[in-house]
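Analysis of the macromolecular model
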Amino acid sequence: DAGVIQSPRHEVTEMGQEVTLRCKPISGHDYLFWYRQTMMRGLELLIYFNNNVPIDDSGMPEDRFSAKMPNASFSTLKIQPSEPRDSAVYFCASRETTDQRETLTYNEQFFGPGTRLTVL
Amino acid sequence: AQSVAQPEDQVNVAEGNPLTVKCTYSVSGNPYLFWYVQYPNRGLQFLLKYITGDNLVKGSYGFEAEFNKSQTSFHLKKPSALVSDSALYFCAVRDPLGGYNKLIFGAGTRLAVHP
């Protein structure tokens, strides 16, 4: 498997423009996570999906951010309008639920390479 | 509050020497603990995890970590450091109050291994 795929790897845009980040999770993984990494705030969970359904979006900073997962192999994170403070590295991660609570196994998350967003 | 702390921003070690990257946690219930490594311009790569069982967990690239319940620690170790181990290391704990899937990440520790 190619792992988690993200595109673009780098995005430079001007303030006020719409930005769309894309993610393809590992095939068969039923959880998908979007994170943001900055020097000031570290790694923050923005939102996660289970079987294409958003489960927790409490980390989405404001209404300018939205995320969708139209099918099991594709997700987008959109920022409209973008602002300079949105500049960060955005990671997508996926996870497969074969956890067994009885035997206490728990699968780790696999991260994509990230998209470095610069908003001028 | 559920949290994980990495008390050192940076750890410097000479190649061939043992290394330790520290992590402490504060969560309710039994912790699920993870270590990830991030190389420049790359995503986070999973190294190892502790869920239950033996307190000494072995992972990728010769790394291991020791779970210590009484000290609420999960320090990452390697007997002999390589220059190629230089990277940013993150400790994470499953958030028991955030649903089954959310992880809380530490701020990261930059490991610098000098020749």
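Our subject is the structure that appears above.
Rules behind the numbers
- Residues numbered from 1 in each chain as written.
- Chains lettered and ligands numbered in written order.
- Predicted model: local features only at pLDDT ≥ 70, side-chain atom pairs only at ≥ 80, totals over all residues.
- Heavy atoms only, no water.
- Helix = DSSP H or I, 4+ residues; strand = E, 2+ residues; numbered from the N terminus.
- Rg over C-alpha atoms; globule rule 2.2 N^0.38 Å.
- Buried < 20%, exposed > 50% of the residue type's maximum accessible area, 1.4 Å probe, protein only.
- Contact = heavy atoms within 4.5 Å.
- Areas by Shrake-Rupley, 256 points an atom, 1.4 Å probe, with all protein chains shown as cover.
- Lys, Arg positive; Asp, Glu negative; His and termini not counted.
- Charge placed at Lys NZ, Arg CZ, Asp CG, Glu CD.
- Pairing = 2+ DSSP bridges.
- Axes fitted to C-alpha atoms, helices over the stretch in contact; angles between N-to-C directions.
- Salt bridge = Lys/Arg side-chain N within 4 Å of Asp/Glu carboxyl O.
- Buried area = accessible area lost by both parts, 1.4 Å probe.
- Polar contact = N/O pair within 3.5 Å; in protein donor to acceptor, adjacent residues only side chain to side chain.
- Nonpolar A, V, L, I, M, F, W, Y, C, P; charged D, E, K, R; others polar.
- Core = buried A, V, L, I, M, F, W, Y, C linked by side-chain atoms within 4.5 Å.

Quick look at the overall build of chain B now. Counting its regular elements, chain B contains zero helices and 12 strands. When its helices and strands are written in sequence order, chain B yields β-β-β-β-β-β-β-β-β-β-β-β. Here chain B has a C-alpha radius of gyration of 14 Å; the compact-globule value for 115 residues is 13 Å, and the two agree. Its C-alpha atoms give chain B principal-axis dimensions of about 45 × 30 × 20 Å. Within the span of chain B, comprising 115 residues, buried residues form 51% of the whole. Considering only contacts in chain B between residues 6 or more positions apart, those separated by 24 or more positions represent 56%. Total accessible area on chain B is roughly 5200 Å²; 49% of this is exposed by carbon and sulfur atoms. Positive and negative side-chain charges of chain B, numbering 10 and 8 respectively, have mean locations separated by a distance of 6 Å.

Residue and element names in this part refer to chain A. Spatially, β1-β3-β8-β7 is the arrangement adopted by the four strands of the open sheet, whose pairing is antiparallel. Both edges of this open sheet fall to β1 (5–7) and β7 (65–71), since each of them pairs with a single strand only. Pairs of neighbouring strands in the sheet enclose a mean axial angle of 20°, with direction left out of account. Relative to strand β8 (residues 74–79), β7 runs antiparallel, the two being bridged by five bridges. Its bridge partner being in β8, A67 is matched across the sheet by L77.

This brings us to the pattern of salt bridges. Enumeration according to the criterion identifies 13 salt bridges over all chains in this entry. Here R36(A) and E44(A) are joined by a salt bridge, their closest N and O atoms 3.2 Å apart. Since its relative accessible area comes to 9%, R36(A) is described here as buried. When the shortest N-O distance is used, the salt bridge between K102(B) and D56(A) registers 3.1 Å. Of this pair, K102(B) sits in the loop between β10 (87–94) and β11 (103–105) while D56(A) sits in strand β6 (residues 53–56), each in a different chain.

Moving on to the interface of chain B and chain A. How large an interface is tends to be reported as the accessible area lost when its parts come together. Each side of the interface is counted separately: chain B has 21 residues, and chain A has 24 residues. Of all residues in chain B, Y100(B), N101(B) and K102(B) give up the largest surface area on contact with chain A, accounting jointly for 32% of the area buried on that side. Where chain B touches chain A, the interface holds two salt bridges. Here chain B is connected to chain A by nine residue pairs in polar contact (both at pLDDT 80 or more). Split by residue class, the side of chain B that touches chain A holds 11 nonpolar, six polar and four charged.

Attention now moves to the nonpolar core. Residues and elements named next belong to chain B. Residues W35, L47, L48, F74, L76 and Y89 are the most contacted members of the largest nonpolar core, which totals 29 residues. Of all the elements in the fold, those that place two or more residues in this core are β2 (10–14), β3 (19–21), β5 (33–38), β6 (44–50), β8 (64–68), β9 (73–78), β10 and β12 (109–114). Residues contacting L76, with those up to four places away along its chain left out, are L19, T20, V21, W35, L47, L48, F63, E64, A65 and Y89.

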